[in-house]
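# Coordinate inspection notes
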Amino acid sequence: MEDSRIVQLYWDRDQKAIPAISEKYGNYCGAIAWNILGSREDAEECVNDTWLRAWNAMPPHRPSLLSAFLGKITRNLAFDRYSYLRAEKRGGGELPAILEELGECASGAGDVERAVDELELARAIDDFLAALPAAKRDVFIRRYWYTEPISSIGRRYGMRDGAVSMTLSRLRQKLRIHLMERGFEP
């Protein structure tokens, strides 16, 4: 089913929207949640919560790119769930490694200052990504947006794990320099 039709089902408050969106985007949202949470049950719950959030957001919101809209909802829910699950116990998984990797590019200042700089930082990162060759941008986004494991990225692009790690390391260093040139401190 076309995305515009699915969105219209949501706007019409037609319950057929849920199975339609689940069929078309269930695997996509499930992969995002799985990469962050590493648990099938938690990922499924997160995806189901995504459908509910989409139901509550449409209307008034009419997303122009449904996949990005749903991906962002799923990602935010998965990060929230990850934080909740790790509040009392510190666990392994991909997320701590990913956050540590990106932590060397830009540090967090005070909460107020961070809130003011957030939009500027997002623009600087968008500019950086836009200037990258498509293959490198895809590797970066797979790791840091979709939180995909290095081994999975390697298989997807026919690269050894070490080559993926080196590519990501070089991209993080370039991002760090890019951000420093724009006044962001590491």
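Note: the structure precedes this text.
Residues numbered from 1 in each chain as written. Predicted model: local features only at pLDDT ≥ 70, side-chain atom pairs only at ≥ 80, totals over all residues. Heavy atoms only, no water.

### Quick look at the overall build of the protein
Counting secondary structure elements, the protein contains nine helices and zero strands. When the helices and strands of the protein are read in sequence order from the N terminus, they spell out α-α-α-α-α-α-α-α-α. Across the protein, contacts joining residues at least 24 apart in sequence account for 64% of those joining residues at least 6 apart. Carbon and sulfur atoms make up 51% of the accessible area of the protein, which amounts to about 11200 Å² in all. (Helix = DSSP H or I, 4+ residues; strand = E, 2+ residues; numbered from the N terminus. Contact = heavy atoms within 4.5 Å. Areas by Shrake-Rupley, 256 points an atom, 1.4 Å probe, with all protein chains shown as cover.)

### Some points on the environment of Asp42
Mapping Asp42 onto the fold places it in helix α3 (residues 40–57). A C-alpha to C-alpha distance of 9.8 Å links Asp42 and Gly30, two positions 12 residues apart in sequence. Not counting residues within four places of it along the chain, the set of residues in contact with Asp42 comprises Leu37, Arg81 and Leu85.

### Focus on the nonpolar core
Within the largest apolar cluster, 29 residues are counted, with the highest numbers of intra-cluster contacts made by Tyr10, Ile21, Trp51, Leu66 and Leu70. Broken down by secondary-structure element, the contributors of at least two residues to this core are α1 (3–11), α2 (17–37), α3 and α4 (66–85). The greatest single-element share of this core, amounting to nine residues, is contributed by α2. (Core = buried A, V, L, I, M, F, W, Y, C linked by side-chain atoms within 4.5 Å. Buried < 20%, exposed > 50% of the residue type's maximum accessible area, 1.4 Å probe, protein only.)

### Describing the pattern of salt bridges
Taken as a whole, this structure holds seven salt bridges when the rule is applied. Here Arg40 and Glu44 are joined by a salt bridge, their closest N and O atoms 3.0 Å apart. One end of the pair, Arg40, and the other, Glu44, are both in helix α3, four residues apart, so they sit about a helical turn from each other. Between Glu148 and Arg142 there is a salt bridge whose closest N-O contact spans 3.1 Å. Here Glu148 falls in the buried class, since its relative accessible area comes to 4%. What makes Arg142 partly exposed here is its relative accessible area of 22%. (Salt bridge = Lys/Arg side-chain N within 4 Å of Asp/Glu carboxyl O.)

### A look at the side chain of Thr167
Assignment of secondary structure puts Thr167 in helix α9 (residues 161–181). A relative accessible area of 16% places Thr167 in the buried class.

### Focus on α2
Taking 1.5 Å per residue, 21 residues should reach 30 Å; α2 reaches only 26 Å between its end C-alpha atoms and comes up short. Where α2 bends most, at Tyr25, the angle is about 65°. Buried within α2 are the following residues: Ala17, Ala20, Ile21, Tyr25, Gly26, Cys29, Gly30, Ile32, Ala33, Asn35, Ile36 and Leu37. Positive backbone phi, at 70°, marks Gly38, one or two positions downstream of α2. (Expected span 1.5 Å × (residues − 1). Bend = angle between axes of the 7 residues up to and from the residue.)

### With respect to the packing of α2 against α3
Two elements in contact, α2 and α3, have axes separated by 8 Å at closest approach and are oriented at 135°. When the axes of α2 and α3 are compared, the pair comes out oblique. In this structure, α2 meets α3 at a crossing whose hand is right-handed. In this structure, α2 contributes Ala17, Ile18, Ile21, Ser22, Tyr25, Gly26, Cys29, Gly30, Ala33, Trp34 and Leu37 to the contact, and α3 contributes Arg40, Asp42, Ala43, Cys46, Val47, Thr50, Trp51 and Trp55. Taken together, the residues that form the contact of α2 with α3 break down as 13 nonpolar, four polar and two charged. (Axes fitted to C-alpha atoms, helices over the stretch in contact; angles between N-to-C directions. Parallel < 35°, antiparallel > 145°, perpendicular 65-115°, else oblique. Left-handed = near helix turned anticlockwise from the far one by under 90°. Nonpolar A, V, L, I, M, F, W, Y, C, P; charged D, E, K, R; others polar.)

### Points about the packing of aromatic side chains
Applying the stated criterion to the full structure yields five aromatic pairs. Between the aromatic rings of Tyr25 and Tyr28, the centroid separation amounts to 6.2 Å while the plane-to-plane angle is 65°, which identifies the pairing as edge-to-face. Here the residue Tyr25 and the residue Tyr28 both occupy positions in helix α2, the gap between them amounting to three residues, near one helical turn. Residue classification places Tyr25 among the buried positions, given a relative accessible area of 8%. The class for Tyr28 is partly exposed, based on a relative accessible area of 25%. What links up through ring pairs into an aromatic cluster is the set Tyr25, Tyr28 and Tyr146. Arg62 extends its terminal NZ or CZ atom over the ring of Trp11, reaching a point 4.2 Å from the ring centre. Over the ring of Trp145 we find Arg75; its NZ or CZ atom is 3.8 Å from the centre of that ring. (Phe/Tyr/Trp six-rings, centres within 6.5 Å; stacked < 30°, edge-to-face > 60°. Lys NZ or Arg CZ within 6 Å of the ring centre and 35° of its normal.)

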